[in-house]
Amino acid sequence: MQELGRLEDLPLEYRSALTEKNLVPLWPSLRAVLPPGVPTRRTQPICWPYQELRPLLLQAGVLTPMEKAERRVLVLANPGHGLENMKASATIYLGMQLLLPGEWAPAHRHTPNAVRMIVEGEGAYTTVEGEKCRMSRGDLILTPTGLWHEHGHDGEEPVVWLDVLDLPLVYFMETSYVTEGKRQAVTSEAADSAYHCAGVLPAPAFKRAGSAFPMLHYPWVNVRAALVSMAARQPDAEAVQVAYVNPETGADCQKILGYSALMLRPGEALNLPARSCATVFHQIEGGAHVSVTAQSFKLAAADTCCIPGYTPVTLRNDSATEPAFLFIADDAPLQKALGLYEIRNP
Ligand code: GTQ
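Just so it is clear, the structure is predicted and the values come from calculations on it, not from any experiment. (Residues numbered from 1 in each chain as written. Predicted model: local features only at pLDDT ≥ 70, side-chain atom pairs only at ≥ 80, totals over all residues. Heavy atoms only, no water.)

Caption draft 1: Structural view of the pattern of salt bridges. One pass over the full model with this rule turns up 12 salt bridges. For R54, the salt bridge goes to E120, with nearest N and O atoms at 2.5 Å. Of this pair, R54 sits in helix α3 (residues 50-63) while E120 is found in strand β5 (residues 114-120), placing the two residues 66 residues apart along the sequence. The exposure class of R54 is partly exposed, given its relative accessible area of 25%. A salt bridge links R224 to E285; the nearest nitrogen and oxygen atoms lie 2.8 Å apart. Of the two residues, R224 sits in helix α5 (residues 220-233) while E285 sits in strand β18 (residues 279-285), which places them 61 residues apart along the sequence. The partly exposed category is assigned to E285, whose relative accessible area is 25%. (Salt bridge = Lys/Arg side-chain N within 4 Å of Asp/Glu carboxyl O. Helix = DSSP H or I, 4+ residues; strand = E, 2+ residues; numbered from the N terminus. Buried < 20%, exposed > 50% of the residue type's maximum accessible area, 1.4 Å probe, protein only.)

Here is the structure:
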């Protein structure tokens with residue numbers, strides 16, 4: 001590829017004249033913004049072992065009362081993006097949130113979309129637009145853009161969950177803001193929703209709802225059962241994986257980030273091709289190795305890692321007897337909508 005002229009090659013006087021008129025020559029920076037073949041990625045492969053962050057999160061529970069935090073969260077920040085920018089990848093924000101018994105994180109709504117993957121503890125709940133979603137380990141709860149949400153806790157032990165938001169993208173677009181609200185009246189329990197029975201949808205008087213976010217709570221018991229039955233029925237499946245979708249449309253459950261759950265059978269190794277999207281892996285049960293060319297993370301339960309885009313990944317379950325279950329988040333829906341999504345076959 002042709003080497004291009006540098007800024008230093010230009011007379012100082014000319015450079016000043018350009019600066020004065022708010023003009024910039026493209027050619028010294030062209031290769032930086034359009035690198036050959038593969039994009040430049042700030043996102044580094046990073047792992048956040050749960051046993052390392054858990055004591056620090058519990059310490060935040062002692063140091064900072066809810067009134068002073070609103071949301072008591074330690075952000076899983078990728079050093080490649082600068083810790084202060086609070087990004088796991090260019091578009092993905094990850095945070096571990098702690099709620100102690102009796103605490104309440106007040107109602108608000110905001111433009112970024114969020115989901116919560118419950119990590120430990122029983123007794124907490126999120127109310128989303130009046131729908132009460134009780135939290136259990138491995139459950140996925142959606143708080144999509146613009147919907148009121150607050151967190152409460154009637155139980156007896158600390159509850160921790162992983163927040164996944166498209167905040168970096170929405171912030172970058174200068175469209176991120178919050179509105180504070182009042183405590184919501186609970187109007188229904190997500191667990192009672194007809195959406196929990198696969199293959200049937202609410203259709204009262206022959207009318208389908210067609211709401212943008214019909215299903216807010218995906219209990220792990222159901223998702224796990226789906227994976228286990230898929231593994232049993234399709235022993236030759238390339239991967240035992242299910243996507244979290246909008247049951248009314250079958251499309252990804254949110255428009256920017258996509259979510260799935262994957263089961264690694266005992267002893268299974270799975271080669272995932274390089275995809276253009278960055279990917280987050282969170283271990284729900286069991287253990288797995290997540291390997292990229294130069295690095296390998298050994299995930300135990302509740303560990304989380306992030307892998308940049310355009311990177312092939314190998315997942316491996318070393319246990320000869322136990323399955324391993326991973327929660328996966330990526331920005332594939334956004335990239336697909338924009339026509340940027342790629343899978344590179346080796
Ligand atoms: O629980 O509503 O990690 O608003 C960041 C922003 C969690 C929340 C985060 C939020 C929330």
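Next, the rest of the story.
Caption draft 2: Focus on the packing of aromatic side chains. Scanning the entire structure with this criterion turns up four aromatic pairs. A centroid spacing of 5.4 Å and a plane angle of 85° characterise the contact between Y218 and Y244, whose relative ring orientation is edge-to-face. Here Y218 is found in strand β13 (residues 217-218), whereas its partner Y244 is found in the loop between β14 (240-243) and β15 (258-264), with 26 residues between them in sequence. Between W220 and F325, the aromatic rings sit 5.5 Å apart at their centres with planes inclined by 85°, giving edge-to-face as the arrangement. Taken as a pair, W220 in helix α5 and F325 in strand β23 (residues 324-330) lie far apart in primary sequence, 105 residues in all. For W220, a relative accessible area of 6% translates into the label buried. When its relative accessible area of 0% is taken as the criterion, F325 is described as buried. (Phe/Tyr/Trp six-rings, centres within 6.5 Å; stacked < 30°, edge-to-face > 60°.)

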